[in-house]
Amino acid sequence: MTPLPDLPDTGYVPTAEDRASLDAWFAAYDAHSAQRDVERMADLAVFPLNLVSDDSAGDGRSAQWDREQFVGTMTHVMGDGSEDIRFESTRTPVFLSPAMAVVFTDSAMTTGGETQHLRYADILIRRGGSWAFQTMIQGGWGDNL
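Residues numbered from 1 in each chain as written. Predicted model: local features only at pLDDT ≥ 70, side-chain atom pairs only at ≥ 80, totals over all residues. Heavy atoms only, no water.

Draft legend 1. Here's a closer look at the overall build of the protein. Check the secondary structure of the protein and you find three helices and six strands. Traced from its N-terminal end to its C-terminal end, the protein shows the element sequence α-α-β-β-α-β-β-β-β. Radius of gyration (C-alpha) of the protein: 15 Å, near the 15 Å computed for a compact globule of 145 residues. Taken along the three principal axes of its C-alpha coordinates, the protein extends 40 × 35 × 30 Å. A buried classification covers 37% of the 145 residues belonging to the protein. By sequence separation, contacts in the protein at least 24 residues apart represent 58% of the contacts at least 6 residues apart. Accessible surface, the protein as shown: approximately 8300 Å² in total, 52% of it carbon and sulfur. Across the protein, the centroid of the 10 positively charged side chains sits 4 Å from that of the 22 negatively charged ones. (Helix = DSSP H or I, 4+ residues; strand = E, 2+ residues; numbered from the N terminus. Rg over C-alpha atoms; globule rule 2.2 N^0.38 Å. Buried < 20%, exposed > 50% of the residue type's maximum accessible area, 1.4 Å probe, protein only. Contact = heavy atoms within 4.5 Å. Areas by Shrake-Rupley, 256 points an atom, 1.4 Å probe, with all protein chains shown as cover. Lys, Arg positive; Asp, Glu negative; His and termini not counted. Charge placed at Lys NZ, Arg CZ, Asp CG, Glu CD.)

As structure tokens, then:
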């Protein structure tokens, strides 16, 4: 994948703690994903969760999912856990404020000996000192929304 271009100046310069807390949130989320612990993944979200994608016809799509829809869909997508799954991700956060970040991710997901490269973005908000994802943006999922 090509590298992301220089990021815009949003007027907010994140602190070392901002970045460390966001990195810690993603480490926890990635650990839950690798274990296919979808319920714990859902604990790290704000519902209704916004989803933005495009469909096979090339049209933009969006939806809002409640926790039940997220758990059901992600359980189906991630499989039964019979094969190991590994993620290697490079994340580029753009902090809009101390409580809002848009995070661009380039990821390699390996399962069953096959690697798939993904690029997506998440919008996270911080509430009560903890991050949670509120919007997921990735191409190619619109037919499933």
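Draft legend 2. Representation of the environment of Glu114. Relative to the elements of secondary structure, Glu114 occurs in strand E5 (residues 114–127). Classification of Glu114 as exposed rests on a relative accessible area of 61%.

Draft legend 3. Layout of the side chain of Asp55. Residue placement: Asp55 occurs in the loop between strand E1 (45–54) and strand E2 (60–65). A polar contact is formed between the side chain of Asp55 and the backbone nitrogen of Asp59, at a distance of 2.9 Å. Sequence-distant contacts of Asp55, that is, excluding residues within four places in its chain, are made with Arg61, Gly142 and Asp143. (Polar contact = N/O pair within 3.5 Å; in protein donor to acceptor, adjacent residues only side chain to side chain.)

Draft legend 4. Quick look at unusual backbone geometry. Phe47 connects to Pro48 through a cis peptide bond whose omega is 5°. Looking at the element boundaries, Pro48 is found in strand E1.

Draft legend 5. Structural context of the packing of aromatic side chains. In the structure shown here, the tally under the stated rule is seven aromatic pairs. Aromatic side chains Trp25 and Phe133 sit 5.8 Å apart centroid to centroid with 70° between the ring planes, which places their arrangement in the edge-to-face category. Linking Trp25 in helix H1 (residues 16–34) with Phe133 in strand E6 (residues 130–137), this pair joins segments that are 108 residues apart in sequence. The exposure classification of Trp25 matches that of Phe133, with both residues buried. Three or more aromatic residues link up through ring pairs in this structure, and these residues are Trp25, Phe26, Tyr29, Phe47, Phe70 and Phe133. (Phe/Tyr/Trp six-rings, centres within 6.5 Å; stacked < 30°, edge-to-face > 60°.)

Draft legend 6. Here's a closer look at H1. If you check H1, its first and last C-alpha atoms are 27 Å apart, about what 19 residues at 1.5 Å a residue would give, namely 27 Å. Three or more residues of H1 are buried, namely Asp18, Ser21, Leu22, Trp25, Phe26, Tyr29, His32 and Ser33. What you see down the axis of H1 is that its buried residues fit within an arc of 135°, all on one side. In this structure, the buried residues of H1 make contact with helix H2 (38–43), helix H3 (67–78), strand E3 (85–97), strand E4 (100–111), E5 and E6. In the segment just after H1, Arg36 is the residue with positive phi, at about 55°. (Expected span 1.5 Å × (residues − 1). Arc of directions from axis to C-beta.)

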